[in-house]
Number of protein chains: 2
Amino acid sequence: MTVLQDIYQSRVSSKPTIVDRQDPVVYSQGTPPEELSRDRVEFFQTNGYLFFETLFDPGEVEILRGELNRLSSDPQIRQLEETIAEPDSDIVRSIFRVHELSPLYAQLCQDQRILKVVEYLLGSPAYIHQSRVNFKPGFSGKEFYWHSDFETWHTEDGMPTMRAVSVAIALTDNTEFNGPLMVIPGSHQRYVTCVGATPDNHYQQSLRRQEYGVPDEASLTELVHQGGLVAPKGKAGSAILFDCNMMHGSSSNISPFPRSNVFFVYNSVHNRLVAPFGGTKPRPEFIAARERSVPLEAQSPDYGG
Amino acid sequence: MTVLQDIYQSRVSSKPTIVDRQDPVVYSQGTPPEELSRDRVEFFQTNGYLFFETLFDPGEVEILRGELNRLSSDPQIRQLEETIAEPDSDIVRSIFRVHELSPLYAQLCQDQRILKVVEYLLGSPAYIHQSRVNFKPGFSGKEFYWHSDFETWHTEDGMPTMRAVSVAIALTDNTEFNGPLMVIPGSHQRYVTCVGATPDNHYQQSLRRQEYGVPDEASLTELVHQGGLVAPKGKAGSAILFDCNMMHGSSSNISPFPRSNVFFVYNSVHNRLVAPFGGTKPRPEFIAARERSVPLEAQSPDYGG
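Reference entry: report on the structure contained in this document. (Residues numbered from 1 in each chain as written. Chains lettered and ligands numbered in written order. Predicted model: local features only at pLDDT ≥ 70, side-chain atom pairs only at ≥ 80, totals over all residues. Heavy atoms only, no water.)

Let us now look at the sheet that holds strand S6 (residues 144-148) of chain B. Residues and elements named next belong to chain B. Read across the open sheet, the 3 strands follow the order S6-S11-S8; overall the sheet is antiparallel. The open sheet is flanked by S6 and strand S8 (181-183), the only strands paired with a single partner. Neighbour-to-neighbour, the strand axes of this sheet turn through a mean angle of 20°, independent of strand direction. Sheet topology places S6 next to strand S11 (residues 247-250); 3 bridges connect them, and they run antiparallel. Its bridge partner being in S11, Ser 148 is matched across the sheet by Met 247. Lying over the sheet, helix H7 (residues 149-157) contacts S6 and S11, oriented at roughly 65° with respect to S6. (Pairing = 2+ DSSP bridges. Helix = DSSP H or I, 4+ residues; strand = E, 2+ residues; numbered from the N terminus. Axes fitted to C-alpha atoms, helices over the stretch in contact; angles between N-to-C directions. Contact = heavy atoms within 4.5 Å.)

So this is what it looks like as structure tokens:
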């Protein structure tokens, strides 16, 4: 038996490093589906993200946002471990596994406007690795420091390669004032290994505050020097799709305007989870789907209304 | 002897209120100086702020920024009570009274490009009520929650009326990414009294934020509903001037780019401090000038270089 070296090993050294991505960014080579132009495929290859300014119309947004409010005010949902509060209060910050908790969001994650694009980029059928709704409340929305999701998913969840994408659907307007997502274009091509080890059961804290998997300032400076910074902003109903290794973060939100979105992580069926590469116990199913990895099927949902 | 009621009384009730401003915004009526057009005077009257996109040229900015670095690395300056470090590190966050600690900034605060504008708006000679340099470091710059400076200066320092303006001169570029100043246009026309009686659960809030002089969310929502939000952004060398009662704040800065500025508060010589209206002991001279209130004289400095 040959033991392969983990090329994306992280949290083992006292010094950070930056290595080049070893995996493709776009896994298909044929003609893209009508939801995606050749130009956009190239843009994604180079920059690591795509912005869709009006993916959902105002009527659909209203229904999708109504579901958000229904979930966050449901006392049964609030008691689930899937529901995460802000560090210093009872305010709901995120609800996980919403593609199973909500029939509406189950449809949404299979909406062909998204799934056709995802399947082309991943070059295969996909399943939901993680889903959640995020509430960044007005006045007190906390910052999310820079991170690559893949660094965590590889180290803590056992995701083998970079063959996953995230889609964040805005359910409120994203403006310069309410802490929009910021990305470092091109950072998906580099992999920043982080310093330090990961304790078991660390996810309970890390969902509220990051302590592990935090990239160092020198590496971040280098990435920004190369790629700059972009904060795609748009109305409710816009969406941003980004590569699993994209370096991203967001500032705090002291504006009165909440920033809420639905977040789906699509993983290729050829990239299912194995044992965590950091050697820790796997995190719960609602954070990283291991058993429930059923391939999605593109639909044309009618959200009603 | 008649006892006059304090129309700007704050921190005495358990309920916040919004009252109308009782003082003029622009204290002169004649022709504005050449540094200020009639349109800009009207803009300031309505909105409470002015943005100067290129007040200082790149050569001047370099010299002014050099002085910032000199001050922050001077061991003697670091030991002064005027120098404030970040809560959890040795990194300098602000240095106060820089118009006296630095001969260069002494010239800067009397630069006629600024002072002529200030004197017109205040309708009188002015002196420096407070000066400081602010360093908002990259990656870890903290947010400043919404506040009206006047609420504090009246309550804690004994500033009688709204007849002061602040000028923030950008020594680094202000972008959407590094936590630029945000203002609520028109908020200078309203005065939000803050809640003073400390509720039982207040400690949970106070761990996160400043404890006194914090406006309530309902009042802030009303102000933003009326006036919207603006974040004037510009290159190093730009400046923003705003009324002492302007509601303003800024988000955190996780970008690699620091945000540094020099900050001067100009108070009218007819508005010198009296005993603090909140009944507390006056704050130190370097935070609120009481004895050192010498009127400034407009100069045309040559910053050398």
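Picking up after the structure, the text goes on.
With that settled, the discussion passes to the packing of aromatic side chains. All chains considered together, the criterion is met by 16 aromatic pairs over all chains. Between Phe43(B) and Tyr49(B) the ring centres are 5.2 Å apart and the planes differ by 80°, which places this aromatic pair in the edge-to-face class. The exposure class assigned to Phe43(B) is partly exposed, which follows from its relative accessible area of 35%. Chaining the aromatic ring pairs together yields one cluster made of Tyr8(A), Phe150(A) and Tyr191(A). (Phe/Tyr/Trp six-rings, centres within 6.5 Å; stacked < 30°, edge-to-face > 60°. Buried < 20%, exposed > 50% of the residue type's maximum accessible area, 1.4 Å probe, protein only.)

With 27 residues of chain A in contact, the opposing surface of chain B contributes 26 residues. Taking both partners together, chain A and chain B bury about 2,300 Å²; carbon and sulfur atoms supply 64% of that area. Summed over the three residues of chain A that lose the most area to chain B, namely Phe139(A), Phe177(A) and Ile254(A), the buried surface amounts to 31% of that side. Run the count over chain A and chain B and you get 2 salt bridges. The partner of Glu176(A) in a salt bridge is Lys233(B), with the nearest N and O atoms 2.5 Å apart. Only strand S6 (144-148), helix H9 (217-227) and strand S11 (247-250) of chain A provide two or more residues apiece to the side of chain A that touches chain B. Among the elements that make up the side of chain A that touches chain B, the one with the highest residue count is H9(A) (4 residues). In the side of chain A that touches chain B, the residues fall into 14 nonpolar, 7 polar and 6 charged. (Buried area = accessible area lost by both parts, 1.4 Å probe. Salt bridge = Lys/Arg side-chain N within 4 Å of Asp/Glu carboxyl O. Nonpolar A, V, L, I, M, F, W, Y, C, P; charged D, E, K, R; others polar.)

Moving on, we come to the relation of the copies chain A and chain B. Rotating chain A by 180° and translating it 0.1 Å along the rotation axis places it on chain B, where the RMSD comes to 0.2 Å. Taken together, these values place the two copies in the relation of a two-fold axis. For chain A, the residue whose C-alpha comes nearest the rotation axis is Ser252(A), separated from it by 2.9 Å. (Least-squares fit on C-alpha atoms with pLDDT ≥ 70 in both.)

To continue, consider the side chain of His188(A). Residue and element names in this part refer to chain A. Along the chain, His 188 falls in the loop between strand S8 (181-183) and strand S9 (190-193). Take His 188: its relative accessible area is 0%, and that puts it in the buried class. Those residues in contact with His 188 that sit more than four places away from it in its chain are Arg 21, Val 25, Phe 44, Gln 45, Thr 46, Asn 47, Gly 48, Met 162, Asp 243, Asn 245 and Met 246.

Attention shifts here to helix H9 (residues 217-227) of chain B. Residues and elements named next belong to chain B. Those residues of H9 that sit buried are Ser 219, Leu 220, Leu 223 and Val 224. Seen along its axis, H9 keeps its buried residues to an arc of 130°; they face one direction. Exposed residues pointing more than 90 degrees away from the buried face of H9 are listed as Ala 218, His 225 and Gln 226. For H9, the elements touching its buried residues are strand S1 (17-20), S6, strand S9 (190-193) and S11. For H9, the N-terminal capping position is held by Asp 216, with its side-chain oxygen 3.4 Å away from the main-chain nitrogen of Ala 218. Two residues or fewer past H9, Gly 228 is found with a positive phi of approximately 75°. (Arc of directions from axis to C-beta. Polar contact = N/O pair within 3.5 Å; in protein donor to acceptor, adjacent residues only side chain to side chain.)

All names here are of chain B. Taken as a whole and judged by the stated rule, the model has 30 salt bridges over all chains. When the shortest N-O distance is used, the salt bridge between Asp 157 and Arg 283 registers 2.8 Å. You can see Asp 157 sitting in helix H7 and its partner Arg 283 sitting in the segment after strand S12 (259-268), a full 126 residues away along the chain. Since its relative accessible area comes to 0%, Asp 157 is described here as buried.

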